[in-house]
Amino acid sequence: MPAVIEVRNLHKSYGDTVAVDDVSFTVQEGEIFGILGPNGAGKTTTVECIEGLRTADAGAISVLGLDPRRDHADLTQCLGVQLQDSQLPERLEVGEALDLYSSFYRRPADWKALADTLGLSGKRRTRYGKLSGGQKQRLSIALALVGSPQVAVLDELTTGLDPQARRDTWALIEGVRASGVTILLVTHFMEEAERLCDRVALIDAGKIVAMDTPSALAAGVAAEMRIRFRPSPRADDELLTGLPEVTSVTRRGDLVEVTGTGNVVAAVTSVLARNQIVAEQLRVDQASLEDAFVALTGHDSHRDGNGAREGER
Amino acid sequence: MPSSAQTMPTAPVAPPGPPGPVGAALRRLTVTELKLFGRERGGVIWGVGFPLLLLVIFGNIPGFRTPVSKSAHGVSILDAYVPILIAFVLAMFALNALPAALAGYREKGILRRLATTPAGPGRVLAAQLAVNVAVVVVTLVLLVGVARLAFGVALPRQAAGFALAVLLTIGALFGLGLLIAAVVPTGRAANATGAILFFPMMFFAGLWLPIAAMPPVLQHVSHATPLGAAAQSLTDAWEGHWPHPLQLLALAAYGLVFILGAVRLFRWE
């Protein structure tokens, strides 16, 4: 499969601040590729270089074989963009915005059908200023797709949306990919990356710290699994500590917490079953992308994550 | 998806199509901006209605319509005010409407968003300029028409000189408006800057005190300001003289400097 986006050794500084420090990755055709990281990590700067809005200090970028700065006019025809924090004139109607933006492109999509797909057909005569946050977000996705792009770059797709609207938007993006569009997604939501992305680049302080599928990234730090349960009747610790998969057993009141590696869940449950011990309130914690994030970047994504939209430039 | 996707990356998309959409985009943007201007009720009332209202008020003050006997041309106070009102209209749009709109567009990321489309942000700037100049011209025609038909104010006697003065004034004032839009950070700041410049500039245009009635020092200062030079040139042409070349030159120079400054300093984001 050909690479649709190719970024090699990208560098970008603002004065003394290094925003992007030697970032390289490729996005294959039809992929949903996520750029994940805390605010200020350099995600937006990276995609702004890809969009041709900024000039890189060093490095090479190719999108569909085009140079984002030199071939900017050609690139705009095939790259759909959703910007973080970009608005429309308050008094512009939804239908007018779609009609206007579709007139910019050589092969525009049918904007009326697009409005239907995005659940905006009832809002065609509504002014931008009267739309809810979710509707504005859907309109901005529609505008990113109205030129029937081959590649779409979506920056902070679901920031500021309620959980239902977020799930609806995810389903929508999966539909867009199914129609053949390659998607570069910028996000600081782990859940979003886990749900949507085929591959994820984890960026921290301008550098890529890891790049893989979400599950592989999570597995990379999943050296340990944690099993918690209330044994009934009470069980001897030796039953569990004797298992090769188990690394530790601790008690908190009635609760037993077992950590281990490999097939520890199967080992623990079968030894309990053999001894006719029921594991009540059984809970298994597996490393998630979130754990991978913390392990790889050394800080909690929620510390500087949710809701803070400014700061990244 | 278009078949060109399969031949990537050796053959990028973008068949060398005609530059048709470029002109079409500008036309569509201009029509859209015109619609938006119409919806901005404040802008219509303030920019178009207010000067007409001033004209009607002045026209209904009985003393304003009788020729001042001392004057060589037998002009009335109203006759003398119409060119000043014209300068007023031009300044309203150039210093208030245009910079606020453009700085607001930049602040809201609309210019950045357009930079990622084939239309580009320059076109929305051009569309804004076109709409403002068009509305200004329509307002001037209305103003002169109402003055002529309702209050018997004569049309400009030196028509060519008047047209040239209007043109140069548009260049100088809209250039200044673009310069304001270039340097202020937000739409609000543009509004404030426009207003702060507007009132002293209108003073030197003789809105409150006719230039001829100013002390000599103020008259000199007035002729050196963009709006003072504009008002004086418009008045001269109205009364049948060719505007003073020095004032036309001053307007042209202001226009050049402001536009060059705006081009150098304009930021898209």
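Since this is a predicted model, take the numbers as computed values, not measurements.

### Things to note about the interface of chain A and chain B
With 34 residues of chain A at the interface, the matching set in chain B holds 28 residues. Those elements that provide at least two residues to the side of chain A that touches chain B are β1 (3–14), α2 (72–78) and α3 (94–102) of chain A. For the side of chain A that touches chain B, the element with the most residues is α2(A), which contributes five residues. For the side of chain A that touches chain B, a count of residues per class yields 17 nonpolar, nine polar and eight charged.

### Things to note about the nonpolar core
By size, the foremost hydrophobic cluster in this structure holds 147 residues, and its most contacted members are A:Ala142, A:Val151, B:Ala87 and B:Ala91. If you tally residues by element for this core, the top one is helix α4 (residues 77–107) of chain B, at 23 residues. In this structure A:Val151 touches A:Val4, A:Ile5, A:Val63, A:Leu64, A:Cys78, A:Leu79, A:Val181, A:Thr182 and A:Leu184, once residues within four positions along its chain are discounted.

### Digging into the sheet that holds strand β7 (residues 182–187) of chain A
Residues and elements named next belong to chain A. Sheet architecture is open: six strands sit in the order β5-β6-β7-β3-β8-β9, paired in mixed fashion. Each end of this open sheet is capped by a strand with a single partner; those strands are β5 (79–82) and β9 (207–212). Neighbour to neighbour, the strand axes of the sheet diverge by 15 degrees on average, direction disregarded. Note that strand β6 (residues 151–155) and β7 share five bridges and pair parallel. Paired with aspartate 155 across the two strands is valine 186, which belongs to β7. Where helix α1 (residues 43–51) meets the sheet, its contacts fall on β3 (32–36), β5, β6, β7 and β8 (199–204), and the angle it forms with β6 comes to roughly 150 degrees.

### Let's talk about the confidence of the model for chain B
All names here are of chain B. On average, residues of chain B score 85 in pLDDT, and 89% of them reach the 70 mark or higher. Per-element averaging of pLDDT across chain B places helix α3 (residues 62–65) at the bottom with 80 and helix α7 (residues 159–183) at the top with 95. In this model, residues 1–20 is a region of pLDDT below 50 whose contacts with residues beyond four sequence positions or in other chains number 31 contacts. Interface confidence in the predicted complex, given as ipTM, is 0.81; pTM for the same model is 0.79.

### Brief notes about unusual backbone geometry
Residue and element names in this part refer to chain A. The omega torsion across serine 232 and proline 233 is 0 degrees, close enough to zero to call that bond cis. Relative to the helices and strands, proline 233 is located in the loop between β10 (225–232) and α9 (237–241). With phi around 50 degrees, asparagine 9 is a residue other than glycine that occupies positive phi space. With respect to the element layout, asparagine 9 can be found in strand β1. On the neighbour-count criterion, asparagine 9 (12 C-beta atoms within 10 Å) is exposed.

The rules behind these values
- Residues numbered from 1 in each chain as written.
- Chains lettered and ligands numbered in written order.
- Predicted model: local features only at pLDDT ≥ 70, side-chain atom pairs only at ≥ 80, totals over all residues.
- Contact = placed C-beta atoms within 7 Å.
- Helix = DSSP H or I, 4+ residues; strand = E, 2+ residues; numbered from the N terminus.
- Nonpolar A, V, L, I, M, F, W, Y, C, P; charged D, E, K, R; others polar.
- Core = buried A, V, L, I, M, F, W, Y, C linked by C-beta atoms within 7 Å.
- Buried ≥ 20, exposed ≤ 12 C-beta atoms within 10 Å, placed from the backbone.
- Pairing = 2+ DSSP bridges.
- Axes fitted to C-alpha atoms, helices over the stretch in contact; angles between N-to-C directions.
- pLDDT = per-residue confidence, 0-100.

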